[in-house]
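For reference, the chains in residue letters:
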Amino acid sequence: MNNLQKRTWAEIHMDRLEANYHALRALAPESKFTGLVKANGYGHGAVAVAAKLEELGADYLAVACLDEARQLRANGIHAPILILGNTDPVYTEELILLEVTQAVYEPRMAEEFSRQAVGMGKQLRCHLKVDTGMSRLGILCNEQSAENGVDVLEEMYRQPGLDCEGIFMHFADADTCPEYSRMQIRRFRTILEELEHRGITFKIRHCCAGAATIHYPEAHLDMIRPGIPLYGLHPDRSTVGKIDLQPVMELKSRIVSLKHMPKGTCISYGRTYTLERDSVVAVVPVGYADGLHRCLSNRMEMLVCGQRVPQIGRICMDMCMLDVTDVTQVQIGDVVTVFGDGVPLDDLAETAGTITYELMCAVAPRVPRIYLH
C-alpha cells in the first residue's frame, strides 16, 4: 500500500489507453487523430493522458475551454490543442501566444477575433463550426438555410487575421440513428462542396467523435476525434464487437470497518435498508463526494475478494456500506473495486439512468489518480 491507496483512489491503466489508441487509429489509418482530454481527460487526468497521447503521436488534443488549454501548456504539453467550446475574443492574444486553435461558430465571434488578431499583426488559427443537425454551436446549414449558411461561412473564412485551418460538425445521434446521421453527413458534404466551388478549402475536415468513428468510416475525412472509446468504453451497445476496447479507469477503496449485526438492523440515513439476516456489514470510505452517485444506493454491487457484494443503505457523502456476510475471511483493509474489472461501469450507468461519461467525469478531484504503466 502506498499513501495514495489508504482511502479511495482511481487506477489509470496507461497500457490500456495505448491499446485503445492504436485500435481506434486502425479504424481510420488515413486520418489524423484528435485525443479528447476535456473534462480532466474524462476524469482520468488531463495532463497525464495528454502527455501519453503526445508520446503516442496524436495529431491534436481537444479541450472544452481556455482554462483546460492553459493547464496543458503550463505542464509542458506541446501538441496542437483545439478548443471545442467558447472563448471570449478578449483572449485572442493569449490564444495566439499559447498556439491554441479555437473553434469559431458565429459571425460576430469571427469578426472580433479578426479585429483583435489584426491589431496584433498576427493570425489566430481556427476551425469553423457547422450545425448540420446537432442544434448547438455552429452555422446552421440545413436544406432551408444551406445557401445562407455557405455565405456566412465564406464571410467568416475571409476575415483577415484568421487562419481557418479546419471545419467541423458534431453528430447528434451517431449511437442509434443511422438515417439521421447519414443525413448530417450529406449536409456536411454539400457545404464542403459549395465552399470548394467558391475556392474555399480546408486542411482538416472532421466530424467523427467516438460512435461515428466506429459506425461511419465514410465520414472519417481528414481527422477523427474519439472520446469515450479512447478511455475503453463503448459509446453504446451497438459498437460492442466492432472494436476491442479496454476500460482504462478502475475506482477502488478499502474496507475500514467490519461489524456483525443482527437481523432487523437498519442501515444508514433514512433507514432505507433493513438486514434480513444476521450479517457482516463493511464500511467503505467512498461516497457521493467522491463521485459515487447517491441514486445508486441499494442498487449496485462492488467487488470484494473476487466476489460481488451488494451495497446497502443510502450512500453517504464520504462512505457507504456493503453486505459482506458471504465473503469468507474478509478483513479490514481489503481492497474494494467500486467499478472496473469485474464491475463494469456500463452496468452502473444503466442502473443510475445515465451514461458512462457522467460517472467517469464525476470522480472527484480529491480521489488521487494512480497511473499504471
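Bear in mind the structure is a predicted one, so any value in this text is a computation, not a measurement.

Q: I keep staring at unusual backbone geometry and nothing clicks. Help me out?
A: Peptide bonds are mostly trans, and most non-glycine residues show a negative phi. A positive phi is found at Arg271, a non-glycine position, where the angle reads about 50 degrees. Note on placement: Arg271 falls in the loop between strand E13 (266-267) and strand E14 (273-274). Residue classification places Arg271 among the exposed residues on the basis of a relative accessible area of 60%. Located in the positive-phi region is Asn298, a residue other than glycine, with phi close to 65 degrees.

Q: Would you mind going over the sheet that holds strand E11 (residues 249-254) with me for this structure?
A: Strand pairing in a sheet relies on backbone hydrogen bonds, with the paired strands running either antiparallel or parallel. Here nine strands make up an open sheet; going across it, the order is E12-E15-E18-E17-E16-E19-E11-E1-E20 and the pairing mixed. Edge positions in the sheet fall to strand E12 (257-261) and strand E20 (369-372), since each has one partner strand and no second. Between one strand axis and the next, the sheet turns by 35 degrees as a mean value, whatever way the strands run.

Q: It is not clear to me how a negative patch on the surface should be interpreted in this structure. Could you clarify?
A: Judged by side-chain charge, Glu147, Glu193, Glu194 and Glu196 come together as a negatively charged surface patch. No other element matches helix H8 (residues 178-197), which puts three residues into the negative patch. Looking at the element boundaries, Glu196 is found in helix H8.

Q: Could you clarify how one ought to interpret the packing of aromatic side chains in this entry?
A: Aromatic ring pairs are defined here through the distance separating the ring centres and the angle between the ring planes. Counted according to the given criterion, the structure contains five aromatic pairs. Taken together, a centroid distance of 5.0 Å and an interplanar angle of 20 degrees make the contact between Tyr42 and Tyr231 stacked. Pair noted here: Tyr42 is in helix H2 (residues 38-42) and Tyr231 is in the loop between strand E10 (223-224) and E11, with a separation of 189 residues, a long-range link. Taking the relative accessible area as the measure of exposure, Tyr42 reaches 8% and is therefore buried.

Q: Is there a simple way to explain the packing of helix H1 (residues 14-27) against helix H3 (residues 46-56) in this structure?
A: Two quantities define a packed helix pair, namely the angle between the axes and the distance from one axis to the other. Between H1 and H3, the least distance of the axes is 11 Å, while the angle of their chain directions is 50 degrees. Taken together, the axes of H1 and H3 lie oblique to each other. In terms of crossing hand, the pair formed by H1 and H3 is right-handed. Together, Met14, Leu17, Glu18, Tyr21 and His22 of H1 and Ala48, Val49, Lys52, Leu53 and Leu56 of H3 make up the contact between the two elements. Grouping the amino acids of the contact of H1 with H3 by side-chain chemistry returns seven nonpolar, one polar and two charged.

The rules behind the values
Residues numbered from 1 in each chain as written. Predicted model: local features only at pLDDT ≥ 70, side-chain atom pairs only at ≥ 80, totals over all residues. Heavy atoms only, no water. Helix = DSSP H or I, 4+ residues; strand = E, 2+ residues; numbered from the N terminus. Buried < 20%, exposed > 50% of the residue type's maximum accessible area, 1.4 Å probe, protein only. Pairing = 2+ DSSP bridges. Axes fitted to C-alpha atoms, helices over the stretch in contact; angles between N-to-C directions. Patch = residues over 30% accessible without salt bridge, like charges linked within 9 Å, V, L, I, M, F, W, Y side chains within 5 Å. Areas by Shrake-Rupley, 256 points an atom, 1.4 Å probe, with all protein chains shown as cover. Salt bridge = Lys/Arg side-chain N within 4 Å of Asp/Glu carboxyl O. Lys, Arg positive; Asp, Glu negative; His and termini not counted. Charge placed at Lys NZ, Arg CZ, Asp CG, Glu CD. Phe/Tyr/Trp six-rings, centres within 6.5 Å; stacked < 30°, edge-to-face > 60°. Parallel < 35°, antiparallel > 145°, perpendicular 65-115°, else oblique. Left-handed = near helix turned anticlockwise from the far one by under 90°. Contact = heavy atoms within 4.5 Å. Nonpolar A, V, L, I, M, F, W, Y, C, P; charged D, E, K, R; others polar.

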